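# Commentary on secondary and tertiary structure
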Amino acid sequence: MASTAETLREKIRSRRARTGVVGLGYVGLPLAVELGKAGFHATGIDLDARKVQAIDEGRSYIPDVATADVQALRSQGRLDATTDFAIVRELDTINICVPTPLRKTKDPDMSYIVSAVEGIAKHLHPGMLIVLESTTYPGTTDEVVQPMLEATGLKAGEDFFLAFSPERVDPGNPTFQTHNVPKVVGGFTPTCSALAADLYGSAIETIVPVSSTRVAEMVKLLENTFRAVNIGLVNELALMCDRMNIDVWEVVDAAKTKPFGFMAFYPGPGLGGHCIPIDPFYLSWKAKQTGFDPRFIELAGHINGGMPHYVVEKVADALNTRRKAINGSKILIAGVAYKRDIDDMRESPALDVMGLLLARGADVSYADPYVPEVHGREWAGGYDIRAVDLTRGSIGQYDCVVIITDHKAFDYNAIVAEAEVVVDTRNAIKEPHPNVFKLGAPRTSGAAERVGAA
Ligand code: SAJ
């Protein structure tokens, strides 16, 4: 009689395996759609009934997932969704793609993973493959997920199979999507690795097996800590360049010409998103438990976290050249999403800048074609604020425009032509203008001061 593993392997290869994805966000929905496209019947499990309803109606709510794809899979009976974990009884594989935020104390918030695993454990049956994708500290799969699932009496690596495979979704990336980004896979046992590689290999072009779940967990943390630390480095360089009358943007662009051994990162108003500002602290939290002091991560967090304050000082300086104070000035924030051309606002530094300006007495407005409203609970102002249009003829009413997110849709010529002063934190305005004050770059000529003195 075929072993449990061989039976599951055959189900995966024949596409008869019923696949499930817990968490239908910007990671889970694209994965469910790729599994459906690969020929599996994919079932999403999400607590948010609106997401389930959207899938039922054949509608995508994730910009990187085409509604046409959802519709097609729905009509082929290859995609459905539910809020009820009881469906796990009918599933052969499950990928867990739930958030891993930080608590206010910068400690990992494992509640989403624990809740998902509890839901699965209730209906776990022999022959299942469970893969955790959520970014988390090394040891989570072995120390948290495995014991919770083995509490059912089933044994990992024998009765069910367990692996970790980090998500590598870059929202809005036009080139790299779920199917063509190499997928790292680390199993609890070699058989677990092989089964996870079979599942992903059916939908993703390149699979990268590693020797354990901990290696796979650490790979992801290296990837994102690498970004956070290098962004912190270039942000610190911007603060130096500001004092040394050097244009940091010109420096980075010239350094980028080095054909080897260098990778360009750019300064900005701070670190946004649900990954880069957060994931490194999962690693530092775990490292501290071994008595190790992860200084790079903490220092990068300090520098990146301080950038919104630096932006506000830049606004104060710019207004000062017009003999104005932040207090009482009308200030427009151009862009609140955490990076260009997307609608996600999580951890966006724009929210910090808005709160800091409001606290200093500014009349704060924002424009963002992707974000129609910021709710009171999302920023220090505590009240709902709706986006205003940033159109030619409407910009002169503001004392200062602060470019926080360089959406391609903004009319930068109109901003330069009409704004009293502009603080550009993204090098969105390439040419020097007397009314444009760039993060990490010297003021143009001295014209700005003279205008103020007139
Ligand atoms: N940022 C800078 N300077 C830079 C690059 C980024 O200030 O040179 C800022 C961005 O404005 C943003 C934040 O850092 O606020 C994060 O940007 P990001 O480009 O790292 O994008 P994320 O967080 O949406 O997605 C990243 C992925 N991005 C890239 O690889 C380009 C990838 O690292 C992960 O797949 C993903 O996090 C994740 O889910 O972990």
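What you are looking at is a predicted structure, and each value in this text was computed from that prediction instead of being measured.

### Remarks on the sheet that holds strand 3 (residues 79-82)
Strand order across the open sheet formed by eight strands is 3-2-1-4-5-6-7-8, with mixed pairing between neighbours. Of all the strands in the sheet, just strand 3 and strand 8 (207-210) have a single pairing partner and so form its edges. For this sheet, the mean angle separating the axes of adjacent strands, direction not counted, is 25°. The sheet contact formed by strand 7 (residues 183-187) and strand 8 spans four bridges and is parallel.

### Quick notes on the domain arrangement of the protein
Domains assigned within the protein are domain 1 (4-211), domain 2 (221-303) and domain 3 (305-453). Of note, the centres of domain 1 and domain 3, computed from C-alpha atoms alone, are 40 Å apart. Contact with domain 1, which involves five residues of that partner, is made by five residues of domain 3. Interface area lost by domain 1 to domain 3 is led by Tyr-26, Pro-63 and Pro-171, which between them contribute 74%. Between Lys-339 and Asp-170 there is a salt bridge, with its nearest N and O atoms 2.7 Å apart. On inspection of domain 1 and its partner domain 3, the count reaches one residue pair in polar contact (both at pLDDT 80 or more). Residue composition of the side of domain 1 that touches domain 3, by class: three nonpolar, one polar and one charged.

### Focus: helix 3 (residues 49-56)
Burial in helix 3 covers these residues: Val-52, Ala-54 and Ile-55. Down the axis of helix 3, the sector holding all buried residues measures 160°, keeping them to one side. Structurally, helix 3 contributes buried residues whose contacts are with helix 2 (28-37), helix 4 (67-75) and strand 3. You can read the cap of helix 3 off the contacts: a side-chain oxygen lies 2.9 Å from the backbone nitrogen of Arg-50, and it is on Asp-48.

### As for the state of the cysteines
What the rule picks out here adds up to zero disulfides. Just so you know, Cys-97 is unpaired, no disulfide at all, and the nearest cysteine sulfur is the one on Cys-275, 12 Å from it.

### Looking at the environment of Val-131
Inspection of the secondary structure assignment puts Val-131 in strand 5 (residues 129-132). Note: C-alpha distance between Val-131 and Val-185 (54 residues apart in sequence) is 9.1 Å. Excluding anything up to four places from it in sequence, Val-131 contacts Ile-94, Asn-95, Ile-96, Ala-163, Phe-164, Ser-165, Ala-196 and Tyr-200.

### A few points about the packing of aromatic side chains
Scanning the entire structure with this criterion turns up five aromatic pairs. Aromatic pair Trp-379 and Tyr-383: ring centres 5.0 Å apart, planes at 75°, arrangement edge-to-face. The exposure class assigned to Trp-379 is buried, which follows from its relative accessible area of 5%. Overall, Tyr-383 belongs to the partly exposed group, its relative accessible area being 35%.

Thresholds, definitions, all that
Residues numbered from 1 in each chain as written. Predicted model: local features only at pLDDT ≥ 70, side-chain atom pairs only at ≥ 80, totals over all residues. Heavy atoms only, no water. Pairing = 2+ DSSP bridges. Helix = DSSP H or I, 4+ residues; strand = E, 2+ residues; numbered from the N terminus. Axes fitted to C-alpha atoms, helices over the stretch in contact; angles between N-to-C directions. Domains from an automatic or database assignment. Contact = heavy atoms within 4.5 Å. Buried area = accessible area lost by both parts, 1.4 Å probe. Salt bridge = Lys/Arg side-chain N within 4 Å of Asp/Glu carboxyl O. Polar contact = N/O pair within 3.5 Å; in protein donor to acceptor, adjacent residues only side chain to side chain. Nonpolar A, V, L, I, M, F, W, Y, C, P; charged D, E, K, R; others polar. Buried < 20%, exposed > 50% of the residue type's maximum accessible area, 1.4 Å probe, protein only. Arc of directions from axis to C-beta. Disulfide = S-S within 2.5 Å. Phe/Tyr/Trp six-rings, centres within 6.5 Å; stacked < 30°, edge-to-face > 60°.

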